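Listed here are the chains, written in short residue letters.
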Amino acid sequence: MSVAFEDPRTPLVGRNREKEPRVLYTLKPPEQAKEEKERRISTRFEDVGIKLFLCKAICLRRKKISDGSLAMAVIGIILMIIETELTAANVISRSDPLSIVLKFFMTASTVALLISISIYYKLGIQVFTINHSIDNWRLALDKRTVITFLVEIIICVIHPIPGEFYINWYTTDDDRDLVRKPVSVPLDLVLSLPMFLRLYLVCRFIMLHSRLYQDASRQSLGALSRVHFNFRFIFKSFMMLYPDYFLVVFMLGFFIISSWMLRLCEMYDDDEHNKINGSLLNSMWLNAVTFLSVGYGDIVPNSYCGRGIVVITGIIGTGTAALVVAVMSRKLEMTHAEKCVHNCVQRIDVENKLKVESANVVKFGWQIYKYNKISNKTLSQERKLLHLQTLQLSAIHNTHVLKDTKRRLCDNAVTLVAIGKCQNDISASVKSIQKNQMSLEERITGMENTLALVYDKVCALSNSQTD
């Protein structure tokens with residue numbers, strides 16, 4: 001992909017009206033003084049173009065370095081998974097040459113990752129010094145930048161080392177047995193799990209490849225509005241545009257990674273528990289039950305490492321469930337036009353039902369009036385009269401209910417958005433009326449002036465004829 005840059009020495013403003021500064025006295029020859037003046041004027045106008053050129057080139061390089069960092073992180077994680085699965089299946093041992101070669105490549109990718117992260121921060125300091133016209137790069141370093149850099153270095157430097165080393169940790173049989181027993185686990189397990197923290201580079205990748213971050217006009221708009229185009233803002237924008245895709249990808253990715261990590265923590269136990277907790281399917285079942293806040297209790301983790309992963313899964317599952325509910329409620333919410341149509345249809349139905357119930361009140365009242373005219377009523381006529389009175393009271397009650405429903409529909413139809421739109425329309429109409437009134441007043445004033453001139457001329461003409 002080729003990128004074309006404009007000439008950085010092209011001035012961003014015109015110099016047609018540039019006046020040379022007055023020089024009262026100088027100790028240099030006139031030709032040398034004139035050359036220095038031209039050089040000073042040219043440099044003043046070309047500095048802005050050079051800064052923009054350098055910032056654009058450095059930002060493109062930072063994006064490439066970030067892509068390389070993510071690639072190295074993913075390669076290291078894939079090599080770690082391959083080596084862990086091969087040793088767990090007893091295909092190779094940790095002292096075999098294949099395991100040593102895989103760990104050597106993991107170390108090489110880790111070194112490349114650390115170098116790329118250092119270069120990324122170096123380029124960030126260069127961009128800061130260019131934007132703020134700072135000569136000393138140490139002024140661009142603050143406490144937050146240094147701490148963030150050290151944390152990233154610590155996260156990315158952790159990886160399995162060549163060799164076969166073991167440590168002891170404690171596990172429990174179940175919740176009723178509080179006796180802890182030591183279990184020998186390889187050191188690679190402790191060094192393999194933190195490697196998934198390298199996936200934070202995905203957030204940086206999304207930020208640098210976002211259109212909001214790459215577009216200069218949007219960056220200028222954000223600077224004028226005092227809005228920083230960082231990952232937080234881009235994440236909110238992404239959640240506003242594509243919330244369903246993000247939640248699906250995040251839930252699937254977290255579910256697969258946490259299930260594999262849970263299996264890795266639970267597979268180094270005695271044979272009885274290893275058959276249950278060391279299975280990937282059982283780990284996925286336990287992870288799904290915890291993520292969905294169900295908690296059947298048929299499978300429980302024995303190691304403290306597995307319990308910690310299950311706790312984190314439950315917390316993230318609760319937050320994700322809240323996000324899913326919020327997204328679904330927003331997706332199911334009607335638009336303004338749909339709400340207007342729905343309210344109109346409901347109002348028509350209520351009006352039709354109100355007409356029917358009002359007609360029933362008149363109909364049953366007429367029938368009651370006819371039965372009351374009968375002097376000697378039979379038992380069946382008495383029952384019929386009582387039934388008609390009951391129906392009339394029910395129709396009256398339904399009429400009152402439908403009127404209340406119609407009133408509530410009218411109240412719900414007027415939303416805050418509709419009030420704001422109506423207010424804007426009224427203000428625009430008032431401004432238009434005021435403008436027309438002012439133009440009308442100007443025309444009337446002009447007509448008065450014209451009539452005054454005509455009157456003066458007529459008076460002058462009559463005076464001349466009289467003389």
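This brings us to the overall build of the protein chain. Within the protein chain, the secondary structure is distributed over 15 helices and two strands. Expressed as a percentage of the 467 residues in the protein chain, the buried residues total 27%. If you take every contact in the protein chain between residues at least 6 apart in sequence, the share linking residues at least 24 apart comes to 69%. Carbon and sulfur atoms make up 63% of the accessible area of the protein chain, which totals about 32,200 Å².

Here we come to the nonpolar core. Counting 23 residues, the largest nonpolar core has Met80 and Leu264 as the members making the most contacts within it. Counting only elements with at least two residues in this core, the list comes to α1 (30-88), α2 (97-131), β2 (181-186), α9 (243-266) and α12 (304-332). Looking at this core element by element, the count peaks at five residues for α9. In this structure Leu264 touches Thr84, Leu189, Ser192 and Leu193, once residues within four positions along its chain are discounted. Formed by 19 residues, the second largest nonpolar core is a distinct cluster that contains Ile65, Val127, Ile130 and Leu201.

Our next topic: the packing of aromatic side chains. Here the structure, examined in full by the defined rule, presents 13 aromatic pairs. Judged by centre distance (6.2 Å) and plane angle (85°), the rings of Phe238 and Phe246 are edge-to-face. Take Phe246: its relative accessible area is 21%, and that puts it in the partly exposed class. Between Phe250 and Phe254 the ring centres are 6.1 Å apart and the planes differ by 15°, which places this aromatic pair in the stacked class. With Phe250 and Phe254 both in helix α9 and four residues apart, the pair spans about one turn of that helix. Taking relative accessible area as the criterion, Phe254 reaches 17% and is therefore assigned buried. One aromatic cluster in this structure is built from Phe231, Phe235, Phe238, Tyr242, Tyr245, Phe246, Phe250, Phe254 and Phe291. Of note, Arg62 hangs over the ring of Tyr120, and the distance from its end group to the ring centre comes to 4.4 Å.

With respect to the secondary-structure elements, Thr110 resides in helix α2. If near-sequence neighbours (up to four positions away) are discounted, Thr110 is found in contact with Cys156, Val157, His159 and Arg198.

Despite not being glycine, Asn90 has its phi angle at roughly 60°, a positive value. Residue placement: Asn90 occurs in the loop between α1 and α2. Look at Ser293: it is not a glycine, yet its phi comes out positive at around 60°. Relative to the elements of secondary structure, Ser293 occurs in the loop between α11 (280-291) and α12.

Below, the discussion takes up the confidence of the model for the protein chain. Considering every residue of the protein chain, the mean pLDDT works out to 81; 83% of them sit at 70 or more. Taking the mean pLDDT of every element in the protein chain, the minimum, 62, falls on helix α10 (residues 271-277) and the maximum, 92, on helix α3 (residues 143-157). Every residue in residues 1-27 scores below 50 in pLDDT, and together they form 30 contacts with partners more than four places removed in sequence or on other chains. Low pLDDT, under 50, characterises residues 41-46; the predicted model gives this stretch twelve contacts beyond four residues in sequence or across chains.

Okay, the packing of α11 against α12 next. Across the interface, α11 lies against α12 with an axial gap of 8 Å and an inter-helix angle of 45°. In terms of orientation, α11 and α12 fall into the oblique class. Touching Leu286, Asn287, Thr290 and Phe291 of α11 are Val310, Thr313, Gly314, Ile316, Gly317 and Thr320, all from α12. Tallied by class, residues from the contact of α11 with α12 come to four nonpolar, six polar and no charged.

In this fold, Asn168 is placed in strand β1 (residues 166-171). For Asn168, a relative accessible area of 58% translates into the label exposed. In sequence terms Asn168 and Val185 are 17 residues apart; their C-alpha atoms lie 6.1 Å from each other. Dropping the residues within four chain positions of it, Asn168 is found in contact with Val183 and Ser184.

Next up on the list: the pattern of salt bridges. According to the stated counting rule, one finds six salt bridges in the structure shown. Notably, a salt bridge pairs Lys103 with Asp188, separated by 2.5 Å at the nearest N-O pair. Here Lys103, found in helix α2, pairs with Asp188, found in helix α4 (residues 187-192); they are 85 residues apart in sequence, far enough to count as distant. Here Lys103 matches Asp188 in class, with each residue buried. The shortest N-O distance in the salt bridge between Arg204 and Glu152 comes to 2.5 Å. Within this pair, whereas Arg204 is found in helix α5 (residues 201-208), its partner Glu152 is found in helix α3, the two being separated by 52 residues in sequence. By the burial criterion, Arg204 is buried, and Glu152 matches it. Here the residues in one salt-bridge network are Arg94, Lys103 and Asp188, joined through shared partners.

Bringing the side chain of Ser258 into the picture now. Within the secondary structure, Ser258 is located in helix α9. Classification of Ser258 as buried rests on a relative accessible area of 4%. A distance of 2.3 Å separates the side chain of Ser258 from the side chain of Asn287, its partner in a polar contact. Not counting chain neighbours up to four residues away, the residues in contact with Ser258 comprise Asn287, Ile309 and Thr313.

About the criteria used
Residues numbered from 1 in each chain as written. Predicted model: local features only at pLDDT ≥ 70, side-chain atom pairs only at ≥ 80, totals over all residues. Heavy atoms only, no water. Helix = DSSP H or I, 4+ residues; strand = E, 2+ residues; numbered from the N terminus. Buried < 20%, exposed > 50% of the residue type's maximum accessible area, 1.4 Å probe, protein only. Contact = heavy atoms within 4.5 Å. Areas by Shrake-Rupley, 256 points an atom, 1.4 Å probe, with all protein chains shown as cover. Core = buried A, V, L, I, M, F, W, Y, C linked by side-chain atoms within 4.5 Å. Phe/Tyr/Trp six-rings, centres within 6.5 Å; stacked < 30°, edge-to-face > 60°. Lys NZ or Arg CZ within 6 Å of the ring centre and 35° of its normal. pLDDT = per-residue confidence, 0-100. Axes fitted to C-alpha atoms, helices over the stretch in contact; angles between N-to-C directions. Parallel < 35°, antiparallel > 145°, perpendicular 65-115°, else oblique. Nonpolar A, V, L, I, M, F, W, Y, C, P; charged D, E, K, R; others polar. Salt bridge = Lys/Arg side-chain N within 4 Å of Asp/Glu carboxyl O. Polar contact = N/O pair within 3.5 Å; in protein donor to acceptor, adjacent residues only side chain to side chain.

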